[in-house]
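Summary of structural features
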Amino acid sequence: MHMHKLEKIWLIFGISALVVFLTVIGVSAFYLGNKPPSCLTTIDPEKVDQQKPFDKPGLNKVEGKAWDYELVFVASAFSYNPGKVEVPLGAKVKVIATTKDVIHGFNVAGTNINMMLEPGYVSEYTTTFDKAGEYLIVCNEYCGAGHHLMSSMIEVVK
Ligand code: CUA
């Protein structure tokens, strides 16, 4: 009788520990697998070119928003579209980017812009370019044989 009760306690303890363990694993997997941190919007990676705003890569003036321009980039192995773009000095710009194939990086040297582009997700970053000059964009996620060839340039002009 005494032993029986103790076994029961251990059994309950064992099951509880298992439930807690599985919950932790499940919750972590959910958060890791669900969304990359800087990505809020989803997109069909097969139809990037047909979907707004990716049907018009480059700098587009917008009205009635908290930013003046949208700077749209489409990444694919092993390039960015556009390969070079001019931005007026002092412009408040929302950078919007995605990838058509594998994971690419989007790191703009000399700025805080450092995004991971994942297929199916849209990455965004709003910033003001308040220093004239050339800003090199490089891919900092290994994406294949041409990884080191991937680059673009933002030229901030007066
Ligand atoms: Cu794209 Cu590395």
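Before any of the text, the structure's been laid out above.
We now turn to the structure provided with this report. Owing to the predicted nature of the structure, the values given are computational and were not obtained by experimental measurement.

Some thoughts on the overall build of the chain
Within the chain, the regular secondary structure consists of 1 helix and 11 strands. Tracing the chain from N to C terminus, the helices and strands come up as α-β-β-β-β-β-β-β-β-β-β-β. A total of 158 residues make up the chain; the buried ones form 35% of that total. Put simply, 62% of the contacts in the chain that link residues at least 6 apart link residues at least 24 apart. In the structure as shown, the chain presents an accessible area of about 9800 Å², 60% of it carried by carbon and sulfur atoms.

Things to note about unusual backbone geometry
Cis geometry is found at the peptide bond from Ala77 to Phe78, where omega equals 0 degrees. Locating Phe78 in the fold gives a position in the loop between strand S3 (69–76) and strand S4 (79–81). Cis rather than trans, the peptide bond between Asn81 and Pro82 has omega equal to 5 degrees. With respect to the helices and strands, the residue Pro82 is situated in the loop between S4 and strand S5 (85–88).

Conventions we followed
- Residues numbered from 1 in each chain as written.
- Predicted model: local features only at pLDDT ≥ 70, side-chain atom pairs only at ≥ 80, totals over all residues.
- Heavy atoms only, no water.
- Helix = DSSP H or I, 4+ residues; strand = E, 2+ residues; numbered from the N terminus.
- Buried < 20%, exposed > 50% of the residue type's maximum accessible area, 1.4 Å probe, protein only.
- Contact = heavy atoms within 4.5 Å.
- Areas by Shrake-Rupley, 256 points an atom, 1.4 Å probe, with all protein chains shown as cover.

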